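Chain by chain, the residues:
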Amino acid sequence: YAVNACLPRSAANLSDVVGRLSPETNPLWKRRDVTGDGKAETFCNQFLHAALELLECPLPAGQLAREQIAWLDSDVGKAHGWREMARGLAVAAANAGQPVVVGWTNPNPKAPSHVALGIPTPFGEEFQIAQAGAENFNAGTLRRGFGNLPVRFWVHE
């Protein structure tokens with residue numbers, strides 16, 4: 001990965017990527033049983049990777065959400081331009097077109113964690129995200145995607 005080798009930063013580019021991947025309607029992100037255990041899996045990690053790939057931002061392929069969060073926190077993730085930020089700064093960054101990852105690590109290491117992409121948010125509204133997960137949407141509130149879970153935010157600088 002080249003450090004900071006992203007598409008030009010703009011709210012339009014972020015919105016375009018979400019529209020192209022369309023987690024709300026794209027069957028690729030639809031919950032389904034891929035392991036044969038009778039339980040439907042979700043694809044938040046794959047959607048996030050695909051979005052960041054289109055934005056030309058580094059995030060290793062093939063990781064679960066928990067592993068993606070650990071990578072963002074790692075020295076390698078930091079060396080590739082990722083920084084954890086407070087919610088208000090993350091909203092401002094998404095509005096400026098910077099890639100923002102929102103994530104929650106499940107305290108149960110055997111249970112799934114969750115990640116989403118921060119997107120531009122109209123002034124005065126709750127932070128907006130795009131996600132594939134228990135519910136898939138192109139634009140929805142942070143609360144809709146994560147409920148009251150203690151989420152964290154990373155911005156690619």
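The rules behind each value
Residues numbered from 1 in each chain as written. Predicted model: local features only at pLDDT ≥ 70, side-chain atom pairs only at ≥ 80, totals over all residues. Heavy atoms only, no water. Core = buried A, V, L, I, M, F, W, Y, C linked by side-chain atoms within 4.5 Å. Buried < 20%, exposed > 50% of the residue type's maximum accessible area, 1.4 Å probe, protein only. Helix = DSSP H or I, 4+ residues; strand = E, 2+ residues; numbered from the N terminus. Contact = heavy atoms within 4.5 Å. Salt bridge = Lys/Arg side-chain N within 4 Å of Asp/Glu carboxyl O.

### Observations regarding the nonpolar core
Residues Phe 47, Leu 52, Trp 82 and Leu 117 are the most contacted members of the largest nonpolar core, which totals 27 residues. At the level of secondary structure, the elements contributing two or more residues to this core comprise helix H1 (11-21), helix H2 (44-54), helix H3 (65-73) and strand E3 (114-119). In terms of residue count, H2 provides more of this core than any other element does, six residues in total. Here Trp 82 is in contact with Leu 52, Cys 57, Pro 58, Trp 71, Leu 72, Gly 77, Pro 99, Val 101, Trp 154, Val 155 and His 156, once residues within four sequence places are set aside. With 16 residues, the next largest nonpolar core counts Ala 93, Val 100, Ala 116 and Leu 142 among its residues.

### Examining the pattern of salt bridges
This model, assessed by the stated rule, comprises six salt bridges. Put simply, Asp 16 and Arg 20 hold a salt bridge, and the shortest N to O gap is 3.7 Å. Note that Asp 16 and Arg 20 are positioned in helix H1 at a spacing of four residues, about one turn of the helix. Here Arg 20 falls in the exposed class, since its relative accessible area comes to 53%. In this structure, the salt-bridge partner of Asp 73 is Arg 152, at a minimum N-O distance of 2.7 Å. Of the two residues, Asp 73 is situated in helix H3 and Arg 152 in strand E6 (residues 152-156); the sequence distance between them amounts to 79 residues.

Shape descriptors only; they carry no functional weight alone.
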